[in-house]
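Okay, here's what each chain looks like letter by letter:
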Amino acid sequence: MAEAKTKTPLTEEQKQRRWAGRKLAFLQFNQQYRATNPEASKEERNAAWKEAKKVQTKIALRTLTQMEKAGFGITAPAPKAQAAE
């Protein structure tokens, strides 16, 4: 029997890319959902997002890949200063 392989941990760049993909997916989903369901409550929207999250994220990551191939990139903003000196 073959031993189960353990997954290699994600690099920081991969984590950031997935975060950007999920954020892009949610923002696009949210706009579409609100346009088609203007009377829906926050709980209904969250339930719909939970159902659609995997598919929407896959689409967003494909979009992100196409944007990168076209020369565009998305970067996370620098953290804000915690306290003014």
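Just so it is clear, the model here is predicted, and its values are computed rather than measured.

1. Looking at the layout of surface pockets
Part 1 of the argument: Of the pockets and cavities examined, the largest pocket occupies roughly 200 Å³.
Part 2 of the argument: Lining the largest pocket are Glu13, Gln16, Arg17, Trp19, Ala20, Leu64, Glu68, Gly73, Ile74, Thr75 and Ala76.
Part 3 of the argument: Of all elements in the fold, only α1 (12-36) and α2 (42-69) reach the threshold of two or more residues within the lining of the largest pocket.
Part 4 of the argument: The element best represented in the lining of the largest pocket is α1, accounting for five residues.

2. Some points on α1
Part 1 of the argument: Its 25 residues give α1 an end-to-end C-alpha distance of 36 Å, which sits within 8% of 36 Å, the value for a rise of 1.5 Å per residue.
Part 2 of the argument: Taken together, the buried positions of α1 are Ala20, Gly21, Ala25, Phe29, Asn30 and Tyr33.
Part 3 of the argument: If you follow the buried residues of α1, they end up packed against α2.

3. Some remarks on a positive patch on the surface
Part 1 of the argument: Among the surface-exposed residues, Lys7, Arg18, Arg22 and Lys53 lie close enough to one another that they form a single positively charged patch.
Part 2 of the argument: Among the structural elements, lysine 7 can be located in the segment before α1.

Thresholds applied
Residues numbered from 1 in each chain as written. Predicted model: local features only at pLDDT ≥ 70, side-chain atom pairs only at ≥ 80, totals over all residues. Heavy atoms only, no water. 1 Å grid on protein atoms, 1.4 Å probe; cavity = no way out; pocket = protein on both sides within 12 Å on 5 of 7 lines; lining within 4 Å. Points joined across faces, edges and corners; volume = space filled by probe spheres on them. Helix = DSSP H or I, 4+ residues; strand = E, 2+ residues; numbered from the N terminus. Expected span 1.5 Å × (residues − 1). Buried < 20%, exposed > 50% of the residue type's maximum accessible area, 1.4 Å probe, protein only. Contact = heavy atoms within 4.5 Å. Patch = residues over 30% accessible without salt bridge, like charges linked within 9 Å, V, L, I, M, F, W, Y side chains within 5 Å. Areas by Shrake-Rupley, 256 points an atom, 1.4 Å probe, with all protein chains shown as cover. Salt bridge = Lys/Arg side-chain N within 4 Å of Asp/Glu carboxyl O. Lys, Arg positive; Asp, Glu negative; His and termini not counted. Charge placed at Lys NZ, Arg CZ, Asp CG, Glu CD.

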